[in-house]
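# Structural overview
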Amino acid sequence: GLIVREARLRVIGPSAAMEFVAMLMPSAVSDGLAACALRAVGAAIVRTEDLHPNHVALLRTLRDRLGRPMPEALDDSARFLDALRALPTAEQTVALRVLATASIIDGHLARAETRLLTEAFAACGRPYAPAAIERLRRAFVSGDAIPRAAVEAVG
């Protein structure tokens, strides 16, 4: 049941976080993208109102990969959206994918996260495509390897 599912998600979370970050992050990352990616995770955590262990794993893995300190007011959604608007198009895509990943890495997509995703896509002048994010969530909760195509369909 539910307890077994949650336990399995917590077990696969840290390795999934590493897999996601490896797929999401380009080899060279600007300071703007680094800060925005970290803020994306912070904003998703605030919207869920629940610090799931998989959020911690994603944030830690991302910080380690980027080799940069956490930006101040990491959890400020407005600052995230402002930072997102300021990024070049290709970097916006990466940041939107990080946000989508952070939104589903606890196995759920809360209504407040959906609102944040909608706001983030609008900030980039893009339509929000919930089906792509739901496919990513389903791929993650299935416990199978996350297909790169599921990540790349977001954004």
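Described in the following lines is the structure provided in the data block. (Residues numbered from 1 in each chain as written. Predicted model: local features only at pLDDT ≥ 70, side-chain atom pairs only at ≥ 80, totals over all residues. Heavy atoms only, no water.)

Let's shift gears to the overall build of the protein chain. Per the secondary structure count, the protein chain includes eight helices and zero strands. For the protein chain, the N- to C-terminal ordering of α and β elements is α-α-α-α-α-α-α-α. Compactness check: the protein chain gives a C-alpha radius of gyration of 14 Å against a globular reference of 15 Å for 155 residues, within 12% of the reference. When its C-alpha atoms are laid out on the principal axes, the protein chain stretches across 45 × 30 × 30 Å. Among the 155 residues that make up the protein chain, the fraction classed as buried is 50%. Excluding contacts between residues fewer than 6 apart, the proportion of contacts in the protein chain whose partners are at least 24 apart in sequence is 78%. Within the structure as shown, the protein chain displays about 7200 Å² of accessible surface, and the carbon and sulfur contribution to it stands at 58%. Across the protein chain, 19 positive and 17 negative side-chain charges occur, with their mean positions spaced 3 Å apart. (Helix = DSSP H or I, 4+ residues; strand = E, 2+ residues; numbered from the N terminus. Rg over C-alpha atoms; globule rule 2.2 N^0.38 Å. Buried < 20%, exposed > 50% of the residue type's maximum accessible area, 1.4 Å probe, protein only. Contact = heavy atoms within 4.5 Å. Areas by Shrake-Rupley, 256 points an atom, 1.4 Å probe, with all protein chains shown as cover. Lys, Arg positive; Asp, Glu negative; His and termini not counted. Charge placed at Lys NZ, Arg CZ, Asp CG, Glu CD.)

This part takes up the pattern of salt bridges. Under the criterion given, the structure shown has nine salt bridges. Ionic pairing is found between Arg68 and Asp31, a salt bridge with its closest N-O pair at 2.7 Å. Placement of the pair is Arg68 in the loop between α3 (53-66) and α4 (77-86) and Asp31 in helix α2 (residues 31-48), with a sequence separation of 37 residues. What makes Arg68 partly exposed here is its relative accessible area of 24%. Residue class for Asp31 comes out exposed when judged on its relative accessible area of 56%. A salt bridge links Arg138 to Glu134; its shortest N-O distance comes to 3.3 Å. Of this pair, Arg138 and Glu134 both sit in helix α7 (residues 130-141), four residues apart, roughly one helical turn. Several salt bridges converge on common partners, so that one network encompasses Glu134, Arg137 and Arg138. (Salt bridge = Lys/Arg side-chain N within 4 Å of Asp/Glu carboxyl O.)

The next thing to look at is the side chain of Ser103. Mapped onto the fold, Ser103 is located in helix α5 (residues 89-104). A polar side-chain atom of Ser103 sits 2.8 Å from the main-chain carbonyl oxygen of Leu99. When neighbours within four sequence positions are excluded, Ser103 is seen to be in contact with Ala44, His108, Leu109, Glu113 and Leu117. (Polar contact = N/O pair within 3.5 Å; in protein donor to acceptor, adjacent residues only side chain to side chain.)

Along the chain, Gln92 turns up in helix α5. Judged by relative accessible area, which is 7%, Gln92 ranks as buried. With residues up to four places along the chain from it excluded, the contact list for Gln92 reads Leu84, Arg85, Leu87, Cys124 and Arg126.

What follows deals with α7. For α7, built from twelve residues, the straight-helix expectation of 16 Å at 1.5 Å per residue is met to within 8% by its first-to-last C-alpha distance of 16 Å. Among all positions in α7, only Ala132, Ile133, Leu136, Arg137, Ala139, Phe140 and Val141 are buried. Those residues of α7 that are buried are in contact with α1 (2-24), α3, α5, α6 (111-123) and α8 (148-152). Once α7 ends, the next one or two residues include Gly143, with phi positive near 85°. (Expected span 1.5 Å × (residues − 1).)

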